[in-house]
Amino acid sequence: MMRFLLPMFCILGMPGVWCQAAWELHPSEFTLSGKRESLQLIATWRDRDRVADRTKGAEYVITDPAVVSVSRDGVVRPRANGVTTIRLGETMVEVTVRGVQSPAPVSFRHETLPVLSRLGCSAGSCHGSPHGKGSFRLSLRAFDPALDGLTLVSEELGRRTNPIEPDKSLLLLKPTTVVSHEGGKKLDKESPEYALLRSWIAEGAALRKEQESTCTGIEIYPSSARVLHFPDAKQQFSVHAKFSDGTRRDVTHLAVFESSNTKVAEVSRQGFVSGIERGGVAIIARYLEFIESTSLTFVRKIDGFEWVDRKPANYVDEHVYRKLRQLQFSPSEQSKDLEFIRRVYLDVTGQLPSADVIGVFVEDRDPRKRALLIDALLESEEHASFWAQKWGDLLRVSKKQIGHTSVFKFSRWLVNAVASNMPYDKFAREILTARGSSLVYPAANYYRAAGDTFDAMETSAQLFLGSRIQCAKCHNHPFERWTQDNYYGLAAFFNRVERKKTGKGEELIVYSRQDGEVSHPASGEIMKPWAPKAGAMEVEKVFDRRDVFTEWLTGEDNPFFANVEANRIWAYLLGRGIVEPFDDFRDTNPPSNPPLLTALAQDFRQSGYDRRHLLRVILNSNTYQAASETNHFNREDQNYFSHYQPRMLTAEQLVDALGVVTGRPMKFEGVPPEVKATELPAPDLRPHSRGRIGDVEFMKVFGQPERQTICECERGDESSLGQALQMYNGQLIHDMITAKDGNLHRWIGEGLDEEEIVRRLYLSALCRPPGDEELALHLQYIRGAENATTALEDTLWIVLNKSEFLFQH
Amino acid sequence: MKRALTSLFVFSSALVSAEVVSFSREVAPILQRQCVACHKEGKAKGKYRLDTYEQLRKEIDPGDLETELLHRVTTDDTEERMPVDADPLRDDEISVIRRWIVEGAKYDGEDPGALLSEIIPMQGHPEAPSSYPRPLGVTAMVFGREGEKLYTGGYHEILIWNPEDGALLGRIPNNGQRSYGLALSPEGKMLAAATGDPGQAGEVRVFDNQSGRVLATPFRGGDTLLAVDFSPDGRILAFGGVDGKLRLFQTETWTEVLAVDAHSDWLTALSWNRGGNQVATASRDKTAKVYNVTTGKRVSTFSGHPEAVRGIAFHSNGKEVLSTGDHGHLFVWGSENGKKVADRAKFGGPVLRFVEGRREFFATTPGGVVVQFDAEKQKRLQEFKIASQAGAEAPTISSCASWGTLLAVGTLDGRVIIFDTETGDQRTVFLAKP
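Quantities reported herein were computed from a predicted structural model and do not represent experimental measurements.

Moving on, we come to the domain arrangement of chain A. Assigned domains within chain A: domain 1 (2-98), domain 2 (108-202), domain 3 (215-299), domain 4 (337-380 + 561-643), domain 5 (423-553) and domain 6 (735-808). Placing the centre of domain 5 of chain A and that of domain 6 of chain A at their C-alpha centroids yields a distance of 55 Å.

See the structure below:
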């Protein structure tokens, strides 16, 4: 009796203990209109909590084979009008076929152009580039169908299509390389894409658009995230388009598929994804101007891997561990005290801890000593200036952008904002809605650097929405949802900002007019203020539109605001964003651990946008405090935070560290002598002097940004030959090492022995005593040298050139 | 045993390749199809050119099978293998190239500096379909000397129509795939066509106007020819096309008089002066130039066009040149000094064809409108508008010809429309499709 019951429960779809596994078929019903339509089935085998895609090679059973055929890849094609079911196990799809006798002609907009996108013809690197290639120019990803129609059909006397012998059309001869094609072979003569383009030409290359319904959106399937296990690391996708006439068409064969990370998974032109290695990836489908994506996680069984439970310090670890366990990475051990104290000092204050501080910390037996140190550092002045400097980079606080006096005022304002732990929503509001005199309200300088409507909008979008929307100024964004309409809709929030110079010093008055509109460059239509999810807004003219924008931005359910800042703080501490690059949020660049980012953002929001709170949470996590040393099971991990990733000191951190170790801090022009590199209000305060053009500026070599753009990427984080030359035999290092009033010579003068000096150097530069072997080697060298002083200088030079000094780890 | 087998193999392959490989017939077509797009004059990727035998010969030594060329087409390293991102050469193609190198990499053409596309022997043109499945854009036309016939470019043929009623009078076969320019010699004996297969080949064909027999093919190249015209005395034929060169040939002996690199982009139109000693050329490179036919020297250049130039003509005073194009301006400039005399923004949209009438000029403009323009009085005389076909957008005018009071206009959707310029009436409309 039980034997019969088992499958019955499965039919009912009850996920019970008896039901071992079942098929799922997508969609459950579908109508194919016309001979050229097709349907991509998605067959999923669900076994308890595991899913596997079995679309290819499944044994589809067609009730009425006269109506449709099904290929091995699960593509249903119509044969005759009628209705049939397609079964897989006990699951079925009902397919209706109609209009087979009267196939609709190929639609230029809905079929021809998408195929050219799919083949890559209209990509930015090919004919979609602003000047095209080989005198053939298409609009980028077909955002301008009317122009593309002219180009393909009429330009140069119809040279690209051949109505008499369609196969001899240049449009087909080139991508098949029958006529040599610089772009290589893009099209196979046997492919459905070829057939479609050929039909379009044979039908007269018509561009008709009247009577055609418009596409209103697309749906991708699978639409929710899936975890796939090797060797079943594959997934077929399908895309359906909805049209204004209520119809729905399968456009899998017309869509463009992309993988966000081709090291993890590749996707074929047909939408078939193959996993390559473990990790997460977003699969993006694009059809016309619509983009949808789904994330996939690939899991591979790692030999010998066993998850060892460890106690999470807080929710950060819970999310990180869950991900690591799923992907079979083992987190590294906790960092040692000496490793931790150097790291946390550098991250929170930009400074190296002093020998005294290290001594006390190591001796401290209080189990809460790390948390207490974190609290103390977050309250320090150094923290305020070091973290204000990061915002100074983003807000372009430089003499060139906002003027000399304003640099000091704005940067002081930023330091105060960090020191007083100004809630982040207030911080954003003060900047975005700044009004009045820049002398009284330094945040008004935001609109000095962002000097026009588009700059202000683009800057605000990148800072607070994490979106690089610039591309959408001229065409729909190639990698994102942003359309040209969105760009100008957002710009409408910033269009009424007025900037007036009073002539009183650098004073700038920022205020908002009650009129002024943004019009769309193509249609000329006046654009209403528009924001994602909220849509177009009516704003009474007495209101400052920026207030409305900020209200929306800092609203409870804004999808960007908290996430972007939480991710930025995370990236500053861990050296890599959960979304990376950390100011580039988009479907095609998914977070490596979505629940972690969501949790951080939620906590941040609930704390009242308390940045110090968020810093504290992250700094206290095991994840932050993990050793940088890897183990056998996390060596390959770059993205999931199983260990701390060493990174080079920033230019400012390095200069301050050199100052502390050598006792010869660098002096900067234009500021009081005690100002540290990590406190500099701007990078360009040095008075301009013709005689010094071409001087090598140490900090520039190490990546100090000029603060001319809002992109964090302006800060160079790559090592270079110039850096090596500076460290090996640059003037600055030489002067610091040989200075008679520096630490080294002072210690020699005080008569300290070599061993003590080496110990002190290690402790100040590397925050640890030298190992026995290291010490022996140094002493052997110093004692064997003719000139002990020179040998000690050499030793200092060696320490400064150790990666351990140059890196944070 | 092994030795025996080897010698047997050598023997049999010798049998197969008893004939020496012909460069022009066997090697050049492979290189032209697979390599030349990226390795030619003006676009020598990797500083490697093989668009002529001369260039190719710099890269290979006879008998040397280690040569870069062979390595690149045979290597398994997809980073290195040519052609880039395309299917590799077939084994038989590689073996042809290899044998040709072994046999001494010899040339079997006349001019080692000639483009491969010029030396590849002509395959002969396929027959035109007796009836066209779809209309073909009318991209070239010219009236007969008496206005009694209208020649239009067909598919691998030239079609002859009665302009009165649109009846098909005759078909001249054995022509390039499409024609972009047609010209009749002054006494009407010769009909010249600038033709080609887009992206693949181009030819100038000269037919006997009476018999339709091919009199000469003075030039063949790698892409279409676009403009052709006889000198006023009929002794010289001038033509040019996608390669940007201006070429002049003697019509008696069909020998080359002149070939100059006139333009860095397509040569789109040309025009003789009345004296027959100067030719003006228009180009997509945004310039127009005047050449002296006798000396071969450039007389002047006018580079004031903001966009591609599509039409050009000498002013009846012989001292000025008129040029127009995508920019919709009509520029008037000195033929001797290239200095702008006037800029008459008359047309309000791209001009594709610019034709000289009896006393005036015709310029084709968007929306299916031909503007009749008096260059002396600098004034717009009248407009001829072509109706759109049901449900279609305004037609694109792709050719234009004038004779007496007749104005013929050809469209990309395959129609020919004939107007009477005296009355302004439309006289005939027909689909130029056998």
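All names here are of chain A. Secondary-structure assignment places Ser-107 in the loop between strand E10 (91-98) and helix H2 (108-118). According to the relative accessible area criterion, Ser-107 is buried, its value standing at 8%. Excluding residues within four positions of it along the chain, Ser-107 makes contact with Thr-112 and Glu-212.

Quick look at the pairing of strand E23 (residues 508-512) of chain A now. Residue and element names in this part refer to chain A. Of the strand pairs in this sheet, strand E21 (residues 436-437) and E23 are connected by 2 bridges, and their pairing is antiparallel. Following the sheet pairing, Gly-436 is matched in E23 by Val-510. In terms of strand pairing, strand E22 (residues 497-501) meets E23 through 5 bridges, oriented antiparallel. Each residue of the ladder has a partner; that of Lys-501, found in E23, is Leu-508. In this structure, the hairpin formed by E22 and E23 is closed by a connection of 6 residues, where Gly-503 is found at a positive phi of approximately 85°.

Bringing the domain arrangement of chain B into the picture now. Residue and element names in this part refer to chain B. By domain assignment, chain B separates into domain 1 (11-119) and domain 2 (141-431). The C-alpha-based centres of domain 1 and domain 2 are spaced at 38 Å. On the domain 2 side, the residues contacting the 5 residues of domain 1 number 6 residues. Here domain 1 and domain 2 share an interface that buries about 400 Å² over both sides, 35% of which is from carbon and sulfur atoms. Across the domain 1-domain 2 interface, the total number found is 0 salt bridges. Inspection of the domain 1/domain 2 interface yields 1 residue pair in polar contact (both at pLDDT 80 or more). The biggest single contributor to the side of domain 1 that touches domain 2 is helix H6 (residues 116-119), with 3 residues. In the side of domain 1 that touches domain 2, the residues fall into 1 nonpolar, 2 polar and 2 charged.

Cut-offs and rules
- Residues numbered from 1 in each chain as written.
- Chains lettered and ligands numbered in written order.
- Predicted model: local features only at pLDDT ≥ 70, side-chain atom pairs only at ≥ 80, totals over all residues.
- Heavy atoms only, no water.
- Domains from an automatic or database assignment.
- Helix = DSSP H or I, 4+ residues; strand = E, 2+ residues; numbered from the N terminus.
- Buried < 20%, exposed > 50% of the residue type's maximum accessible area, 1.4 Å probe, protein only.
- Contact = heavy atoms within 4.5 Å.
- Pairing = 2+ DSSP bridges.
- Buried area = accessible area lost by both parts, 1.4 Å probe.
- Salt bridge = Lys/Arg side-chain N within 4 Å of Asp/Glu carboxyl O.
- Polar contact = N/O pair within 3.5 Å; in protein donor to acceptor, adjacent residues only side chain to side chain.
- Nonpolar A, V, L, I, M, F, W, Y, C, P; charged D, E, K, R; others polar.

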